[in-house]
Amino acid sequence: MKNLAIATVLSFVGISAFANVETPELNVDNATVIVAQDFEEIEVASLPEAVSKAVEKNYPTAKIDKAYKNEKDQYKLDLSLEDGTTGTVYADADGNWIDM
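Computed from a predicted structure; not experimentally measured. In this convention, every chain numbers its residues from 1, walking through the sequence in written order. In keeping with the predicted nature of the model, local features appear solely for residues at pLDDT of at least 70, side-chain atom pairs appear and are counted solely at 80 or more, and the whole-chain, interface and lining totals rest on all residues. In computing side-chain properties, one takes all heavy atoms of the structure into account and sets aside hydrogens as well as water.

A. Spotlight on the pairing of strand β3 (residues 74-80). The buried fraction of β3 amounts to six of the seven residues, a majority that puts the element mostly inside the structure. As defined by bridge partners, strand β2 (residues 63-69) adjoins β3 across six bridges and the pair is classed as antiparallel. Across the sheet, the residue bridging to K66 is D78, located in β3. Only strands joined by at least two bridges in the DSSP assignment are considered to pair. Put simply, DSSP H or I for four residues or longer makes a helix, DSSP E for two residues or longer makes a strand, and each gets a number counted from the N terminus. Hairpin connection between β2 and β3: a loop of four residues separates the two successive antiparallel strands, and D73 in this loop has a positive phi of roughly 55°. For β3 and strand β4 (residues 86-92), the ladder comprises seven bridges, and the chain directions are antiparallel. Paired with Q74 across the bridge in β4 is D92. Counting the residues in the hairpin turn of β3 and β4 gives five residues, including G84, whose phi is positive at 95°. The buried label goes to any residue with under 20% of its type's maximum accessible area, the exposed label to any with over 50%, and the partly exposed label to all in between, with areas taken from a 1.4 Å probe on protein chains only.

Structure follows, in C-alpha cells:
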C-alpha cells in the first residue's frame, strides 16, 4: 500500500513537471499587423478634389492609374511616374497622406 502511495505521488510530480515547461512569449512590439481595409475600386474622376490636388502637389509627374475607396472615406491610389516607377499611396478625403 505504501508503494502505491509513493507511485501516485511520483506520477503527480511527473505530470506537474511537464506542465511547468515554459513557452516563449510572443513579442508583440515587433509583430507586423496586417488589417484588410476592404477598398473598392472607383473611377479616378470621382476622387475628391483635395486628394487629386495632393497628388499634383506632392507627385507632380505622377499619373493616378487606379483609385480605391473604403468605408472610412480613405483612398488607396496606384500611381505611376514618368520614369516608370510605380507605387501606392493612401490619403483621407481631405488630401492628407496616411500610413496603412
